[in-house]
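What follows is the residue order along each chain.
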Amino acid sequence: MRATDAPILTAAEMRAVEAACFARGTSQAELMECAAAAVAREAARFARGRSILVLGGPGNNGGDAFAAARLLAAAGHDVTVGALGGRWSGAAEAMQAAWRGPTVDLADAPAQPVVVDGLFGIGLSRPIEGEVATAIARLRAAAGFVLAIDIASGLDADTGAAAGAVLRADATLALGAVKRGHLQGEGVAATGALLVDPIGLAVRSEVRMLAQPRIAPPGSDDHKYTRGLVGVVGGAMPGAARLAATAAARGGSGYVVLASADARVPLDAVVHREEIDPDRAAAVLVGPGLGRDDKARRTCEQWLTSNCALVIDGDALALVDVDSLARRPAPTILTPHAGEFARLFGPPAGDRIAAALEAARRSKAIVVLKGAATVIAAPDGSARVVQPPAWLSTAGTGDVLAGLVAARLAATRAPMRAACEAVWLHARAARLAGPALVADDLPMHIPHAIAECL
Ligand SMILES: NC(=O)C1=CN([C@@H]2O[C@H](COP(=O)(O)OP(=O)(O)OC[C@H]3O[C@@H](n4cnc5c(N)ncnc54)[C@H](O)[C@@H]3O)[C@@H](O)[C@H]2O)[C@@H](O)CC1
Ligand SMILES: [K+]
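Going by an unreviewed UniProt entry, the protein carries the name Bifunctional NAD(P)H-hydrate repair enzyme and comes from Sphingomonas spermidinifaciens.

Dropping the structure here:
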């Protein structure tokens with residue numbers, strides 16, 4: 001199944017879940033059979049009758065592979081196993097012994113159109129080098145499709161870093177839970193389509209893939225103020241604030257006020273004012289196109305010390321500090337890209353999810369760390385992760401997201417929920433806008449994205 005709403009674990013957390021499962025009486029072999037059945041199901045779906053090379057490594061990832069090979073062969077597929085190692089133990093040994101089909105050394109494995117990668121999973125402990133690296137490069141180049149069992153071999157399960165070779169997958173079937181390494185570092189490119197099978201494990205985690213939200217429509221007695229007035233603070237580059245204000249208007253705000261020296265408004269429905277009344281605003285966005293001069297600094301300071309719920313983006317992220325954020329009496333949402341995040345909190349080490357959670361804890365703000373995998377982290381330790389379409393990597397889309405976050409904050413008054421709704425709607429609007437989108441295209445698709453969530 002697709003990974004939406006799936007739990008995301010570290011390797012240590014995954015092992016703890018497995019240990020708890022064993023403590024309740026499930027055997028390792030039973031869990032492995034469950035994993036293998038899921039792998040065989042997905043491999044058969046992708047193979048569509050083509051010959052399959054299953055790669056089996058020396059650990060339990062290899063155990064899954066041997067068991068899946070047996071199930072695929074029993075279902076009538078042409079299966080060869082390319083094996084590495086040979087000192088299997090426990091359930092993996094039993095699975096290896098139960099495989100009766102053709103087995104060759106990895107180095108001699110014949111190229112096949114479909115490869116199932118069960119070399120290494122979350123137990124990778126050193127870089128893939130030498131003969132193994134040579135073999136996987138050859139097999140990858142010849143394969144039309146590679147399905148990784150649990151995680152692409154060569155990736156660190158927590159950071160997605162690859163110290164040596166990686167067997168890049170077209171699809172990965174994560175077992176029990178998504179691993180953090182699927183979503184960061186080299187894992188972003190090496191994972192392919194991310195699928196997850198629960199394999200019967202009950203996994204609880206407050207770090208999850210972002211699910212499609214349910215959006216509450218306005219009530220029959222709502223009016224423009226109860227639905228939430230959004231203030232957008234403009235500055236040196238007025239286009240950015242106009243994009244944000246358009247997104248705020250299309251994102252379900254009752255009223256959008258754009259405060260800018262430039263009186264041009266992007267829509268007739270957006271009202272231009274010299275100032276935003278803090279007592280009327282349900283949420284204020286500061287930062288897109290603000291500039292970083294003294295005037296911008298004063299504006300930023302004024303809003304930072306206000307009692308308004310704030311979204312802080314772009315230039316404003318360079319004008320605030322963590323302690324002032326933590327002192328704010330009202331909700332704050334930060335929407336940094338990697339550079340802005342690094343300036344404010346220090347460069348994220350290998351694990352961006354951990355870095356975003358730590359930043360949220362320190363700043364007492366919701367942190368939306370944008371990137372190939374966007375992380376939405378809350379001070380309470382919960383986080384949601386989504387991989388937005390890569391076409392979003394173009395100028396101005398961050399301004400649209402910031403406006404949308406402000407709109408949802410004004411509508412919901414619940415910062416984590418608002419950030420999750422906005423990030424989901426933004427990604428969905430991008431898909432609706434299609435390839436080669438420009439930021440100006442996105443706002444018109446937001447209402448359609450909202451309609452899918454009612
Ligand atoms: N723990 C369990 O009970 C279950 C685990 N499952 C599978 O088991 C995997 C984890 O199994 P393991 O903990 O056995 O670990 P792995 O199977 O990922 O690999 C560990 C083995 O690989 C060797 N190794 C690590 N890096 C190497 C390298 N670069 N070159 C050569 N050898 C290397 C280690 O010495 C060890 O023998 C999961 O990813 C998942 O696929 C599933 O079967 C479900 C049940
Ligand atoms: K693997």
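Caption draft 1: Inspection of helix H8 (residues 294-304) at higher detail. Within the sequence span of H8, burial applies to Ala-296, Thr-299, Cys-300, Trp-303 and Leu-304. Buried positions in H8, seen along its axis, are confined to an arc of 130 degrees and lie on one side of it. Exposed and oriented more than 90 degrees from the buried face of H8 are Asp-294, Arg-298 and Gln-302. The inward-facing, buried residues of H8 abut strand E11 (229-233), strand E14 (281-286), strand E15 (310-312) and helix H9 (322-327).

Caption draft 2: Focus on the domain arrangement of the protein. Domain annotation for the protein reports domain 1 (8-205) and domain 2 (229-451). Just the C-alpha atoms count here: the centres of domain 1 and domain 2 sit 39 Å apart. Across the boundary between the two partners, domain 1 contributes 9 residues, which contact 7 residues of domain 2. For the side of domain 1 that touches domain 2, the per-class residue count stands at 4 nonpolar, 3 polar and 2 charged.

Caption draft 3: View of the site of ligand 1. The full set close to ligand 1 counts 25 residues, and Gly-59, Asn-60, Asn-61, Gly-121 and Gly-123 are the nearest of them. At the level of secondary structure, the elements contributing two or more residues to the shell around ligand 1 comprise helix H2 (28-47) and helix H3 (60-74). If you tally residues by element for the shell around ligand 1, the top one is H3, at 5 residues.

Caption draft 4: Representation of unusual backbone geometry within the structure. Positioned with a positive phi, Asp-5 is a non-glycine residue whose angle comes to about 70 degrees. In this fold, Asp-5 is placed in the segment before strand E1 (8-9). With 13 C-beta atoms packed within 10 Å, Asp-5 lands in the partly exposed category. A positive phi angle is found at Lys-364, which is not glycine, with a value near 55 degrees. Mapped onto the secondary structure, Lys-364 falls in the loop between helix H11 (352-363) and strand E17 (366-369).

The rules behind these values
- Residues numbered from 1 in each chain as written.
- Chains lettered and ligands numbered in written order.
- Predicted model: local features only at pLDDT ≥ 70, side-chain atom pairs only at ≥ 80, totals over all residues.
- Buried ≥ 20, exposed ≤ 12 C-beta atoms within 10 Å, placed from the backbone.
- Helix = DSSP H or I, 4+ residues; strand = E, 2+ residues; numbered from the N terminus.
- Arc of directions from axis to C-beta.
- Contact = placed C-beta atoms within 7 Å.
- Domains from an automatic or database assignment.
- Nonpolar A, V, L, I, M, F, W, Y, C, P; charged D, E, K, R; others polar.
- Near = placed C-beta within 6 Å.

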